[in-house]
Amino acid sequence: MTFAAPPPYSGRLNTLVIGGRIDADRALLTPRGELVHGCADALAEKLAQLPATTARVDVDMSGVHFMDTAALQFLDVLRDFGRRRRLPVTATRWNGQPRRILELAGLNTTDPLNSPTPAQPAPLASAVAQERAERLHVLQEEIEQLRHAIASRPVIDQARGILMATHGCTSDEAWHVLREASQLSNTKLREIAAAVTAGATPDGPRPPEKLRQALSRALSRRRSGTGGGPP
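Residues numbered from 1 in each chain as written. Predicted model: local features only at pLDDT ≥ 70, side-chain atom pairs only at ≥ 80, totals over all residues. Heavy atoms only, no water.

1. Observations concerning the packing of helix 1 (residues 39-48) against helix 2 (residues 70-85)
Inference 1: Here helix 1 crosses helix 2 at 20 degrees, and the two axes come no closer than 8 Å. Classified by the angle their axes make, helix 1 and helix 2 are roughly parallel. Considering the relative orientation of helix 1 and helix 2, their crossing is right-handed. Contact with helix 1, carried on its side by C39, A40, L43, A44 and L47, involves A70, Q73, F74, V77, L78 and F81 of helix 2 and no other residues of that element.
Inference 2: Looking at the contact of helix 1 with helix 2 residue by residue, the class counts come to ten nonpolar, one polar and no charged. (Axes fitted to C-alpha atoms, helices over the stretch in contact; angles between N-to-C directions. Helix = DSSP H or I, 4+ residues; strand = E, 2+ residues; numbered from the N terminus. Parallel < 35°, antiparallel > 145°, perpendicular 65-115°, else oblique. Left-handed = near helix turned anticlockwise from the far one by under 90°. Contact = heavy atoms within 4.5 Å. Nonpolar A, V, L, I, M, F, W, Y, C, P; charged D, E, K, R; others polar.)

So, in structure tokens, the structure goes:
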């Protein structure tokens, strides 16, 4: 028996698809996509559809390529399901960015559902809770940085292509020009790239004077060979 769940909400296509199969009394679930807002609800719906005869649930996480703190709710749903049904549940084969998130959260990267949770005395429990809160804060910051990098990448790549075509520089040189112009003008790299990209269209606005001067200086230094080394 095989099954698949549609994306949990229509705003973003293919955010999470939960496939899988039933072998005798064992359910194998295979999430694909991102563990973000709505993933816990999608999982709860899928678990509710499992046959009453299910005696074990294994979740293969190798198809998940991104997750944020909503993934902790995803794990809570799995853990609660195992407790209520009194059956073993595993979530294994984590890799890439999701594995890094588990590390930051202080969870077992092999199977976070089976991390040891020994009882702690009250003062120590408080310290553990504080450490987890600090790790969660670091986790949220890293996720936001990654989201920003993902959102910025297309416009930065476009700007690099424009500089390569306009000034005959290599991809690495174009990257250094953008980065140096960002430093010289005290402007975010994405804003520099957006100004270059917008100015390349026939009716596009010229970059502000401060950015034009910074780009000009960065290009001059690149031509003279006084710029930084490769990234």
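2. Digging into the pairing of strand 4 (residues 56-60)
Inference 1: Of all five residues that make up strand 4, four are buried, and the element is covered over most of its length.
Inference 2: By the bridge criterion, four bridges tie strand 4 to strand 6 (residues 89-92) in an arrangement that is parallel. Within strand 6, the residue paired with V59 across the bridge is A91. (Buried < 20%, exposed > 50% of the residue type's maximum accessible area, 1.4 Å probe, protein only. Pairing = 2+ DSSP bridges.)

3. What to know about the pattern of salt bridges
Inference 1: Across all of its chains, the model carries nine salt bridges by this definition.
Inference 2: In this structure, the salt-bridge partner of R212 is E209, at a minimum N-O distance of 2.2 Å. Separated by three residues within a single helix, R212 and E209 lie in helix 7 (residues 209-224), roughly one turn from each other.
Inference 3: What emerges from the salt-bridge pattern is a single network uniting R26, R56 and D58. (Salt bridge = Lys/Arg side-chain N within 4 Å of Asp/Glu carboxyl O.)

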